[in-house]
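Listed below are the residues making up each chain.
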Amino acid sequence: MDGTGEYRLRGADGHTHTAFVNDRSIAFNISEKLYRWRGYKPSFDELPWVEAGAPLPPRTARTRIKAR
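Predicted, not measured: the structure shown is a model, and the values here were computed from it.

Looking now at the overall build of the chain. For the chain, the helix and strand inventory stands at one helix and four strands. Of the regular secondary structure in the chain, the N- to C-terminal order runs β-β-β-α-β. Looking at the chain as a whole, 26% of its 68 residues are labelled buried. Contacts spanning at least 24 positions in sequence make up 43% of the contacts within the chain whose residues lie at least 6 apart. A total of about 5300 Å² of accessible surface is found on the chain, and carbon and sulfur atoms cover 53% of it.

The four strands are arranged β3-β2-β1-β4 in an open sheet whose pairing can be described as mixed. Edge strands, defined here as strands with exactly one partner in the open sheet, are β3 (26-31) and β4 (49-50). Strand direction decides the pairing type here: strand β1 (residues 4-9) and β4, joined by two bridges, are parallel. Looking at β4, one finds that L9 is bridged to V50.

Turning our eyes to something else, we now look at the pairing of β1. In terms of burial, β1 is largely enclosed, as five of its six residues are buried. In this sheet, strand β2 (residues 18-23) lies alongside β1 in antiparallel orientation, the contact comprising five bridges. The residue of β2 that forms the bridge with R8 is A19.

Under the counting rule described, the total for this entry stands at five aromatic pairs. One aromatic cluster in this structure is built from F28, Y35, Y40, F44 and W49. Positioned over the ring face of W49 is R10, at 4.1 Å from the centre of the ring.

Another point: the confidence of the model for the chain. Model confidence for the chain is summarised by a mean pLDDT of 82, while 78% of its residues fall at 70 or above. Considering only residues more than four positions removed or in separate chains, one finds that residues 61-68, a stretch of pLDDT under 50, has three contacts.

Glancing now at the nonpolar core. Counting seven residues, the largest nonpolar core is built from A19, V21, I30, Y35, Y40, F44 and L47. Not counting residues within four places of it along the chain, the set of residues in contact with L47 comprises G5, E6, Y7, R8, A19, Y35 and P42.

Bringing the pairing of β3 into the picture now. Two elements, β2 and β3, share six bridges in a ladder whose sense is antiparallel. Bridge assignment links T18 to a residue of β3, and that residue is S31. Hairpin remark: β2 followed by β3, antiparallel, with two residues in the connecting loop; positive phi at R24, about 60 degrees.

About the criteria used
By convention here, each chain's residues receive numbers from 1 onward along its written sequence. Two thresholds apply to this predicted model, a pLDDT of at least 70 for residue-level local features and 80 or more for giving and counting side-chain atom pairs, whereas whole-chain, interface and lining totals are computed over all residues. Hydrogens and water are ignored here; the side-chain numbers use all heavy atoms of the structure. Secondary structure elements follow DSSP: runs of H or I no shorter than four residues count as helices, runs of E no shorter than two count as strands, and numbering proceeds from the N terminus. When a residue's accessible area, from a 1.4 Å probe over protein chains only, is under 20% of the maximum for its type it is buried; when over 50% it is exposed; and in between it is partly exposed. In this analysis, two residues are considered to be in contact whenever any of their non-hydrogen atoms come within 4.5 Å of each other. Calculation of accessible area relied on Shrake-Rupley with a 1.4 Å probe; when residues are assessed, cover is drawn exclusively from the protein chains displayed. A pair of strands is labelled paired if DSSP reports no fewer than 2 bridges between them. Two rings from Phe, Tyr or Trp (for Trp, the six-membered ring) form a pair when their centres sit within 6.5 Å of each other. Planes less than 30 degrees apart are called stacked, planes more than 60 degrees apart edge-to-face, and all others tilted. Ring-over charges, as used throughout, are those where CZ of Arg or NZ of Lys falls within 6 Å of the ring centre and within 35 degrees of the ring normal. Confidence scores per residue from the predictor, reported as pLDDT, run from 0 to 100. As used in this record, nonpolar core signifies buried Ala, Val, Leu, Ile, Met, Phe, Trp, Tyr and Cys residues forming a set joined through side-chain atoms within 4.5 Å.

As structure tokens, then:
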């Protein structure tokens, strides 16, 4: 997969932990199990935790192509 994990969120009340993934033109939350199965980088264990109500970490720097 081309997506990059940005951060992870703790599952509340026994729900599954999730990760926020940025995959070029789309961004989405995905379950920990599916994140690991699809092989996104960095590994799930290396993603920073974000607690409810906390500010989000800075987005991964990406090279952007300028329109001509």
